[in-house]
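Listed below are the residues making up each chain.
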Amino acid sequence: MPTVEELYRNYGILADATEQAGQHKDAYQVILDGVKGGTKEKRLAAQFIPKFFKHFPELADSAINAQLDLCEDEDVSIRRQAIKELPQFATGENLPRVADILTQLLQTDDSAEFNLVNNALLSIFKMDAKGTLGGLFSQILQGEDIVRERAIKFLSTKLKTLPDEVLTKEVEELILTESKKVLEDVTGEEFVLFMKILSGLKSLQTVSGRQQLVELVAEQADLEQAFSPSDPDCVDRLLQCTRQAVPLFSKNVHSTRFVTYFCEQVLPNLSSLTTPVEGLDIQLEVLKLLAEMSSFCGDMEKLETNLRKLFDKLLEYMPLPPEEAENGENAGNEEPKLQFSYVECLLYSFHQLGRKLPDFLTAKLNAEKLKDFKIRLQYFARGLQVYIRQLRLALQGKTGEALKTDENKIKVVALKITNNINVLIKDLFHIPPSYKSTVTLSWKPVQKVELGQKRTSEDTTSGSPPKKSSAGPKRDARQIYNPPSGKYSSNLSNFNYEQRGAFRGSRGGRGWGARGNRSRGRLY
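Quick caveat: nothing in here was measured; it's all calculated off a predicted structure. (Residues numbered from 1 in each chain as written. Predicted model: local features only at pLDDT ≥ 70, side-chain atom pairs only at ≥ 80, totals over all residues. Heavy atoms only, no water.)

J.: Describe the overall build of the protein, naming the residues involved and giving the relevant values.
T.: When helices and strands are counted, the protein shows 20 helices and two strands. Across the 524 residues of the protein, 52% fall into the buried class. Counting every atom, the protein has about 24,800 Å² of accessible surface; 46% of that belongs to carbon and sulfur. (Helix = DSSP H or I, 4+ residues; strand = E, 2+ residues; numbered from the N terminus. Buried < 20%, exposed > 50% of the residue type's maximum accessible area, 1.4 Å probe, protein only. Areas by Shrake-Rupley, 256 points an atom, 1.4 Å probe, with all protein chains shown as cover.)

Here it is as structure tokens:
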């Protein structure tokens, strides 16, 4: 084993030889042997090996293996130095191997090492993006779970920081091709990250690009298969996928396949839905997604059939007025409960699809059915007016900070819900029914957003190794207005919060259960 002095002496020989350093193979071999020495010798070897690497192609394997030994050294300072120098080995056919190695090194729990690995990967990305992607996707497809997880996270957070000259059209096509392979077996959380990666690619910002993404989501959602409402995995997968599809829809990228599936398969089973997410109102979640998609539905093959299913489900939440006794009082024990949040979603969806078949209520329903519907609308509208007055009175004169309290924020949302329903009911009371009014769904921002514009989400850009994410909601909390029973109740305290469900962390089934544990060790 060479001493520090011998290492310096052989370094001098190679440095003095400049471009003829390759003639001094013995000197370079001494430096390679430095990895077998003590701490000081290893530190020097970690710096000297990469410096002269390019002059000895016949020793490339020996040099890379020697550096890898240092990357796994017990001394953290030696590991960091060795990792920092790894990009110098990324030349020619060695680059994919170095990318593969660096990807595996992402599993470190040392934050300084993790930063160095990230920086090294970004460095070689700028040298050869396609070669680097080869190493990353190799580990995503075949590596250990921790490596896979962090490689996906690297792509989702770092790709967008790379300049246009690095992310060329060819590179983006490679990312799409490789991502499709990974999407054959992913967890819900991984799927969301890949949709984030793909939707950020310039080549997929076009209408045809968005359509490709919608087709990817539809395939993942298994829209060709029968829906199983009692299977939490099936329900969860559909919701996860639909959430990813919604931001992609526009006047040119239609939601027809999803809306059709929801009408045919999900609405009839709404009351049977199960979810692994505690506290999630799964029925309302489904209805909100349907409402958001209904605006962008194109031509539907079985429009009348599906509109009737939507209409029938709407009737379930629009009660008939209670029968009155001879003295004019309610003969029943309870007033029907008015489910304003559910009705907003269903009425909005019916209003959107009804535009495509405007004579549905007058020509497709018999007179008795239409009369029944008008009675329900009228009863609901009466209760609606009471709550709108109460809410306006409660919020009257309140501005600024006063409106920011939790109680008042919920009342503001409740007022949006009730106003929306009021507008839609007025449309349907026209003779013939009208579908011209436009409302903004209560949980959507009021300001106009360009169609097809991406939604933004927070990124993890910290330099520390990613921590296991907690099983919490992935989307903003939404308020639900559940008015108390009875049309004239003045109790406005019965409000709830609703939150989006969290992802589950195992792979399998079609990628939404357990992928199976891999224990391959380092493959270098």
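Still to come is the rest of the account.
J.: Tell me about the environment of Lys288, and name the residues and values.
T.: Of note, Lys288 is situated in helix α15 (residues 282-294). For the pair Lys288 and Tyr342, spaced 54 residues apart in sequence, the C-alpha separation works out to 8.2 Å.

J.: Can you explain the pattern of salt bridges? Please cite residues and give values.
T.: When the charged atoms of two side chains with opposite charge come close together, those side chains can pair. Under the definition given, this model contains 22 salt bridges. A salt bridge links Asp33 to Lys36; its shortest N-O distance comes to 3.9 Å. You can call Asp33 partly exposed: its relative accessible area is 26%. Accessibility expressed as a relative area gives 54% for Lys36, which makes it exposed. Salt-bridge contacts for Lys181 lead to Glu178; the nearest nitrogen and oxygen are separated by 3.0 Å. Separated by three residues within a single helix, Lys181 and Glu178 lie in helix α10 (residues 169-182), roughly one turn from each other. (Salt bridge = Lys/Arg side-chain N within 4 Å of Asp/Glu carboxyl O.)

J.: Account for the packing of aromatic side chains, naming residues and giving values.
T.: Per the stated rule, a full pass over the model turns up 15 aromatic pairs. Ring geometry for Phe340 and Phe380: centres 5.1 Å apart, planes at 55 degrees, overall tilted. On the criterion of sequence distance, the pair formed by Phe340 in helix α17 (residues 340-354) and Phe380 in helix α19 (residues 367-395) is long-range, its members being 40 residues apart. There is no split in this pair, since Phe340 and Phe380 are both buried. (Phe/Tyr/Trp six-rings, centres within 6.5 Å; stacked < 30°, edge-to-face > 60°.)

J.: Please give an account of the environment of Glu178 that cites residues and values.
T.: Judged by its relative accessible area of 15%, Glu178 is buried. For Glu178 and Ser138, which are 40 residues apart along the polypeptide, the C-alpha to C-alpha distance reads 9.4 Å. Not counting residues within four places of it along the chain, the set of residues in contact with Glu178 comprises Phe137 and Leu141. (Contact = heavy atoms within 4.5 Å.)

J.: Lay out helix α13 (residues 232-245) in plain terms, naming residues and giving numbers.
T.: Over its 14 residues, α13 extends 20 Å from the first C-alpha to the last, a length consistent with the 20 Å expected when each residue adds 1.5 Å. Taking burial as the measure, the 14 residues of α13 include twelve buried ones, the bulk of the element. Buried within α13 are the following residues: Cys234, Val235, Asp236, Arg237, Leu238, Leu239, Gln240, Cys241, Thr242, Arg243, Gln244 and Ala245. The backbone nitrogen of Asp233 has a side-chain oxygen 3.0 Å away, supplied by the residue at the start of α13, namely Asp231. (Expected span 1.5 Å × (residues − 1). Polar contact = N/O pair within 3.5 Å; in protein donor to acceptor, adjacent residues only side chain to side chain.)

J.: Break down the packing of helix α1 (residues 4-17) against helix α3 (residues 39-51) for me, with residues and values.
T.: Interhelical geometry of α1 versus α3 gives an angle of 15 degrees and a closest axis separation of 10 Å. Taken together, the axis directions place α1 and α3 in an arrangement best described as roughly parallel. The chirality of how α1 crosses α3 is left-handed. Contact residues: Val4, Leu7, Tyr8 and Tyr11 in α1; Lys40, Glu41, Leu44, Phe48 and Lys51 in α3. Considering only residue class, the contact of α1 with α3 consists of six nonpolar, no polar and three charged. (Axes fitted to C-alpha atoms, helices over the stretch in contact; angles between N-to-C directions. Parallel < 35°, antiparallel > 145°, perpendicular 65-115°, else oblique. Left-handed = near helix turned anticlockwise from the far one by under 90°. Nonpolar A, V, L, I, M, F, W, Y, C, P; charged D, E, K, R; others polar.)

J.: Describe in detail the confidence of the model for the protein, supporting the description with residues and values.
T.: Do not read the fine detail of predicted coordinates wherever pLDDT is low. Here the protein averages 85 in pLDDT, and 83% of its residues register 70 or above. Contacts for the low-pLDDT stretch residues 468-511, under 50 throughout, to residues beyond four places or in other chains number 141 contacts. Scored below 50 in pLDDT, residues 513-524 shows 41 contacts in the model against residues more than four places distant or in partner chains. (pLDDT = per-residue confidence, 0-100.)

J.: Can you explain the nonpolar core? Please cite residues and give values.
T.: Tyr28, Ile49, Phe258, Phe350 and Leu361 are the most contacted members of the largest nonpolar core, which totals 158 residues. With eleven residues, α19 is the single largest residue contributor to this core. Sequence-distant contacts of Phe350, defined by excluding residues within four places in its chain, comprise Leu307, Leu310, Phe311, Leu314, Phe360, Leu361, Leu428 and Tyr435. (Core = buried A, V, L, I, M, F, W, Y, C linked by side-chain atoms within 4.5 Å.)

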